[in-house]
Amino acid sequence: MRRSGVRAAVGRPPTGDGFATMEAVTRALGRMLVLVVALTCALTAHASAQEPRATPSPLEGAWQYLPDPQDQGRADGLQSGTTGEGWQPVEVPHLFDPRPDEGRFWGTVGWYRVRFRAPDAPAAQRWALRFGQVRRTAEVWLDGRRLGEHRDPYVPFDLPAGELGTGEHTLVVRVDNRKAKEPREGWWNWGGISKPVQLVPRGTVVADRPGLMPRRVCGEAGCRWRVLVDAELTGVGPGTARPQVGVQLRAPDGTVSGKAVETRPLSPGERTRVRFDVPVDGDAQLWQPGSPNLYSAVLRVRDGDTLVQEERKKVGLRTVEVKDGLLRLNGRPVELRGASIQEDAPGHGAALTDADVEWIVRELKALNANVTRAHYLLDERLLERFDEEGILVWSQAPIYHRDRLLETAAQRRTALDTVRGTVLGARSHPSVITHSVGNELSVIPDQVPGTRRFLLDARTLTRDLDPTLPASVDLLSYPGYDRQETYAKFPLLGINSYFGWYPGKKDRSTANIEDLGPFLRATQRKYPGAALIVTEFGAESTFDGPASVKETYAFQTDYVRRVLDVVERTPRIGGAIYWTLREFAVKPDWDGGAKRTGIPRDGIHNKGLITYEGQRKPAWDVLAADAQRTALWRGSTEVAEATGTRVPEGRGGLGDALPWLALVGGLIVLLGIPVWAFRGLMRDSRGGAGAPPPPTDLRGRQAAEEDREPVRSVA
């Protein structure tokens with residue numbers, strides 16, 4: 001009995017039934033929380049089941065390939081997806097043949113097919129097929145129904161596929177990479193589906209490749225960072241759409257900002273352009289080599305209250321401009337060093353794997369490169385990695401030696417479409433510092449009407465699609481030509497120099513490397529307001545020998561050293577980009593310019609710093625050492641700035657500690673809430689004053705966090 005009494009005394013509440021009341025309240029709150037969570041999950045599941053899907057997904061299925069060298073596939077009914085013998089299993093991206101076989105350079109025809117099921121979605125969900133790249137011409141069927149064709153081998157494209165439902169579907173793609181001598185291209189004519197394919201959900205409104213571009217806007221109240229949103233909207237539903245476009249930004253330190261705008265109603269097939277700025281809250285955390293800070297961005301398109309499209313991107317706050325004849329990044333003149341790339345890997349050609357992408361990034365970093373360049377829009381995976389690693393990109397449309405294909409209005413429209421696709425694909429990437437509209441066109445465009453008209457129209461188009469970057473064009477380097485007013489319209493000029501390698505023209509010699517310096521200075525005098533970058537220089541190398549003999553490793557090594565010395569000694573030349581990082585496949589009759597007779601050629605461009613198989617040449621060390629000792633910021637000798645380890649603009653001091661202070665403060669708040677709640681319950685159970693706080697609407701708070709940007713209407 002004594003023992004039992006002790007237990008009763010220990011278990012008895014010390015203040016009447018206060019603890020019993022607290023336990024009851026706690027149990028009730030727990031049950032309410034469970035109910036709220038369950039209700040929220042149910043509502044979310046119901047909403048997700050009712051709302052259309054909004055984000056792309058890889059096309060899942062087992063791809064097959066069938067060669068068609070006689071181009072008999074259509075007659076044999078291959079477009080149905082049910083006929084044909086000899087289909088081979090492949091993985092896409094895929095090429096007809098990743099070997100630069102001389103007999104295949106001029107192209108052939110091949111067919112692809114894949115059976116797939118659409119992801120779970122409402123029955124009325126519509127879809128599109130997004131092709132990252134098909135070289136050269138693609139003709140597409142779905143379940144025997146022709147969706148369309150695409151003829152540009154270097155830009156991505158979408159084809160509407162309609163409703164797919166829950167059954168199995170067959171996609172068939174006919175790829176034709178046959179080509180004539182025009183257009184000229186300085187790389188192998190690969191054929192196949194060379195980049196990934198995605199299923200893209202489509203709602204009643206479509207935003208075509210929306211752009212998110214940072215800019216620093218200054219006024220009387222000071223300077224603020226904003227992100228320019230630019231998209232073309234198309235109504236694709238059965239009725240009138242009422243589109244709204246919103247963007248939410250999340251800074252590296254967690255600061256969230258956003259904004260949404262409404263557009264005018266759109267009838268089926270009607271288009272409108274929406275363009276607005278999203279103010280960036282908090283201290284700007286800049287993107288630049290050595291400090292590639294990235295903001296997470298979510299762009300959402302709604303028709304009324306229904307989410308119809310969602311795009312997730314990374315945004316880097318940086319400015320790029322030309323001032324006083326110098327290229328400036330974040331307001332400071334830069335000195336560029338790096339090497340160009342071709343999307344060409346042994347065994348894969350232009351159909352890069354993830355490992356190939358990482359190899360390119362790794363080798364550029366090992367070279368100490370702060371910039372790279374390409375003759376066409378790069379793979380999205382590469383651009384994303386350059387964003388993350390802080391490697392600048394001189395992006396370029398593949399309008400190369402095309403003067404003969406710019407003579408008519410129709411030809412120029414085709415070229416401008418390529419420029420448009422290239423800019424749209426590159427403009428949201430902070431690594432991209434310019435949009436070059438062409439490469440090595442006529443040296444006298446003022447006297448070539450088609451070329452002149454194209455260049456001026458391309459410059460206008462580029463500035464319209466991306467007003468945050470300078471438009472550029474890359475020039476042939478022959479001495480003695482007068483200033484061209486067409487080229488003077490561009491604030492940034494690339495100089496493709498092969499002084500000391502190619503002999504040049506009969507009356508425009510480039511044979512002597514010592515003439516490079518005078519040529520650069522003469523070009524500066526002709527275009528005093530433009531920034532000049534040596535965007536291309538290189539020499540072939542394939543064997544050991546003395547530096548006096550072309551095509552030896554020693555000649556290439558000496559050539560690289562001498563060009564870099566000229567660039568360093570010439571004031572206001574903003575850098576040099578070697579051509580190329582790795583060797584690549586080129587046309588079969590390529591001799592490289594050394595003019596060595598009796599030497600068998602294998603169709604490989606041998607100017608690379610790395611062999612096609614992946615071995616570094618001696619010239620690699622010269623460029624790597626020069627890039628290491630050359631500070632990114634022009635005129636800077638501080639090691640911290642040269643290595644990019646300085647504190648970015650807009651941060652430093654207390655700013656660097658703010659994320660940690662916020663974390664500690666958050667932990668204190670999280671730990672304090674239970675204590676506060678416990679004390680409040682104790683006080684209330686004892687009859688203390690004060691009403692309980694109003695219940696929290698969890699679902700409403702979630703929606704508010706998702707769409708906190710204010711809405712305004714625009715005409």
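Our subject is the structure listed above.
First, a word on what this report is: a plain description of the structure on this page. Keep in mind that this is a model prediction, so the values were computed, not measured.

### So, the pairing of strand E17 (residues 256–262)
(1) Moving on: Burial of E17 is extensive: 6 of the 7 residues sit out of reach of the surface.
(2) Moving on: Sheet topology places strand E16 (residues 243–250) next to E17; 7 bridges connect them, and they run antiparallel. Residue Gln 244 lies in a different strand from E17, and its bridge partner there is Glu 262.

### Focus on the sheet that holds strand E25 (residues 332–333)
(1) Moving on: Pairing in this open sheet of 3 strands is antiparallel, and the strands run E23-E24-E25 from one edge to the other. Among the strands making up the open sheet, the edge pair consists of strand E23 (320–323) and E25.

### So, empty space enclosed by the protein
(1) Moving on: Here the structure, examined in full by the defined rule, presents 6 cavities of 30 Å³ or more.
(2) Moving on: Estimated volume of the largest cavity: approximately 150 Å³.
(3) Moving on: If you trace the largest cavity, you find 14 residues lining it, with Val 443, Leu 475, Leu 476, Lys 526 and Tyr 527 closest to the centre.
(4) Moving on: Only strand E30 (471–476) and helix H8 (516–526) provide two or more residues apiece to the lining of the largest cavity.
(5) Moving on: The element contributing the most residues to the lining of the largest cavity is H8, with 3 residues.
(6) Moving on: The computed volume of the second largest cavity comes to approximately 70 Å³.
(7) Moving on: For the second largest cavity, the full set of lining residues is Phe 96, Asp 97, Arg 99, Arg 104, Gly 107, Thr 108, Asn 177, Trp 188, Asn 189, Trp 190 and Gly 191.

### Thoughts on the pairing of strand E2 (residues 62–67)
Taken residue by residue, a regular strand's side chains alternate between the two faces of the sheet.
(1) Moving on: When E2 meets strand E5 (residues 109–117), the two strands line up antiparallel, connected through 6 bridges. Bridging across to E5, Trp 63 finds its partner in Val 114.
(2) Moving on: With 2 bridges connecting them, E2 and strand E3 (residues 88–89) associate as antiparallel partners. Following the sheet pairing, Gln 64 is matched in E3 by Pro 89.

Basis of the calculations
Residues numbered from 1 in each chain as written. Predicted model: local features only at pLDDT ≥ 70, side-chain atom pairs only at ≥ 80, totals over all residues. Heavy atoms only, no water. Buried < 20%, exposed > 50% of the residue type's maximum accessible area, 1.4 Å probe, protein only. Helix = DSSP H or I, 4+ residues; strand = E, 2+ residues; numbered from the N terminus. Pairing = 2+ DSSP bridges. 1 Å grid on protein atoms, 1.4 Å probe; cavity = no way out; pocket = protein on both sides within 12 Å on 5 of 7 lines; lining within 4 Å. Points joined across faces, edges and corners; volume = space filled by probe spheres on them.

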